[in-house]
Amino acid sequence: MANMAVSRIKREFKEVMRSEEIVQCSIKIELVNDSWTELRGEIAGPPDTPYEGGKFVLEIKVPETYPFNPPKVRFITRIWHPNISSVTGAICLDILKDNWAAAMTLRTVLLSLQALLAAAEPDDPQDAVVAYQFKDKHELFVLTARHWTNAYAGGPHTFPDCDSKIQRLKDMGIDEHDARAVLSKENWNLEKATECLFS
Amino acid sequence: MLLGCTMGNCLKINSPDDISLLRGSESISGQDSGPMPIYQHEPLPQMFYPASSASHSAASATNMSEEDQIKIAKRIGLVQHLPIGTYDGNLKKARECVICMVEFCVDEAVRYLPCMHIYHVHCIDDWLMRSLTCPSCLEPVDAALLTSYETT
């Protein structure tokens with residue numbers, strides 16, 4: 001059975017390599033080990049979203065029971081999105097859980113994740129803090145997601161105000177990512193973030 | 001309708017072509033026909049439980065509750081009523097099995113789902129033990145069949 005998993009992944013790998021999306025640099029896939037059980041995916045942030053211009057790297061683990069069970073996928077690149085954990089990169093997406101079907105492939109999974117970036121479902125969140133901001137303070141959500149895309153995924157938009165607040169916390173000895181995470185959670189309120197860190 | 005006449009007598013794998021599936025009782029011959037006693041059927045494929053790996057499937061089969069065993073037996077019974085034909089190379093049909101992504105060979109045994117999608121028998125049987133939907137179109141595998149077998 002493991003043989004079916006490996007032979008399918010090999011075929012799918014070819015499918016992705018031949019796909020139109022790879023020509024457009026919209027998705028990418030590469031091997032991590034020789035056993036074909038672990039792969040690395042990459043998706044481009046969709047246009048007209050806060051993720052535009054960013055490249056997001058994914059960890060893909062292929063179970064022995066593939067394709068009868070879905071691949072295990074998580075974001076390695078940090079991302080600010082209601083359905084993706086800002087801490088672990090875990091993804092809440094139905095096709096990676098109960099709605100998986102054996103006819104789906106690595107290519108369709110990557111394209112579905114790209115679609116998820118373009119259409120968040122805040123009512124079925126993986127990261128409650130992000131989902132709350134998405135619903136309650138949407139402009140701040142867009143700013144934060146853009147800033148994270150710039151900081152972690154190579155996105156083009158810089159936010160000097162965010163950077164200077166992060167620098168203030170760094171000056172107090174806080175790690176850059178921890179500073180960014182707390183400020184993002186506290187809607188970029190420096191006072192509240194400081195309180196949260198030092199109380 | 002098409003499936004109605006095939007129920008219960010299409011277990012023969014080596015039928016000359018898939019048209020024979022539609023002839024109903026004419027295709028009955030010898031002990032290959034008719035629903036088999038489900039407990040004596042071919043050994044269970046190894047992949048019924050999402051969490052099990054090939055190495056402990058035998059162990060988990062013995063550790064299963066009676067209820068689970070009955071459920072699986074019923075599902076095997078249900079799956080066995082889905083018609084099997086041989087791939088005839090007709091270009092209008094799918095050329096490869098989307099589960100293993102291997103091309104069908106002419107005369108290879110394929111199972112037909114009610115939505116008329118076809119798969120290798122061993123591939124789709126493994127899948128149907130997990131989910132009673134077509135992997136291609138997500139159509140439920142004949143809800144009517146399902147209820148009649150799961151409630152009896």
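Residues numbered from 1 in each chain as written. Chains lettered and ligands numbered in written order. Predicted model: local features only at pLDDT ≥ 70, side-chain atom pairs only at ≥ 80, totals over all residues.

## Some words on the overall build of chain A
Part 1 of the reasoning: For chain A, the helix and strand inventory stands at eight helices and four strands.
Part 2 of the reasoning: Listed N to C, the secondary structure of chain A is α-α-β-β-β-β-α-α-α-α-α-α in terms of helices and strands.
Part 3 of the reasoning: Its C-alpha atoms give chain A a radius of gyration of 18 Å, within 12% of the compact-globule value 16 Å for 199 residues.
Part 4 of the reasoning: Taking all 199 residues of chain A together, the buried fraction comes to 40%.
Part 5 of the reasoning: Counted over contacts in chain A with a minimum sequence separation of 6, partners at least 24 positions apart contribute 50%. (Helix = DSSP H or I, 4+ residues; strand = E, 2+ residues; numbered from the N terminus. Rg over C-alpha atoms; globule rule 2.2 N^0.38 Å. Buried ≥ 20, exposed ≤ 12 C-beta atoms within 10 Å, placed from the backbone. Contact = placed C-beta atoms within 7 Å.)

## Topic: unusual backbone geometry
Part 1 of the reasoning: Cis geometry is adopted by the peptide bond preceding proline 67 of chain A, which originates at tyrosine 66 of chain A and carries an omega value of 0°.
Part 2 of the reasoning: The backbone of methionine 116 of chain B sits at a positive phi, close to 75°, despite the residue not being glycine.
Part 3 of the reasoning: Residue methionine 116 of chain B is classed as exposed on the basis of its 12 C-beta neighbours within 10 Å.

## Observations concerning the sheet that holds strand β1 (residues 27-31) of chain A
All names here are of chain A.
Part 1 of the reasoning: Spatially, the four strands line up as an open sheet ordered β1-β2-β3-β4, and their pairing is antiparallel. On the outer flanks of this sheet lie β1 and β4 (72-75), each paired with one strand and no other. Between one strand axis and the next, the sheet turns through 25° on average, direction left out of account.
Part 2 of the reasoning: The sheet contact formed by strand β2 (residues 38-44) and strand β3 (residues 55-61) spans seven bridges and is antiparallel. Residue pairing in the sheet places isoleucine 43 in a bridge with phenylalanine 56 of β3.
Part 3 of the reasoning: Together, β1, β2, β3 and β4 form the strand contacts of helix α3 (residues 106-118), whose direction differs from that of β2 by roughly 40°. (Pairing = 2+ DSSP bridges. Axes fitted to C-alpha atoms, helices over the stretch in contact; angles between N-to-C directions.)

## With respect to the sheet that holds strand β3 (residues 118-120) of chain B
All names here are of chain B.
Part 1 of the reasoning: Spatially, the three strands line up as an open sheet ordered β1-β2-β3, and their pairing is antiparallel. Two strands bound the open sheet, and with one partner strand each, they are β1 (84-86) and β3. Ignoring strand direction, the axes of neighbouring strands in this sheet form an average angle of 45°.
Part 2 of the reasoning: For β1 and strand β2 (residues 109-112), the ladder comprises three bridges, and the chain directions are antiparallel. Bridge pairing links isoleucine 84 to arginine 111 in β2.

## Description of the domain arrangement of chain A
Residues and elements named next belong to chain A.
Part 1 of the reasoning: When its domains are assigned, chain A resolves into domain 1 (2-118) and domain 2 (128-198).
Part 2 of the reasoning: One C-alpha centre belongs to domain 1, the other to domain 2; they are set 27 Å apart.
Part 3 of the reasoning: Each side of the interface is counted separately: domain 1 has 14 residues, and domain 2 has 16 residues.
Part 4 of the reasoning: Grouping the amino acids of the side of domain 1 that touches domain 2 by side-chain chemistry returns six nonpolar, six polar and two charged. (Domains from an automatic or database assignment. Nonpolar A, V, L, I, M, F, W, Y, C, P; charged D, E, K, R; others polar.)

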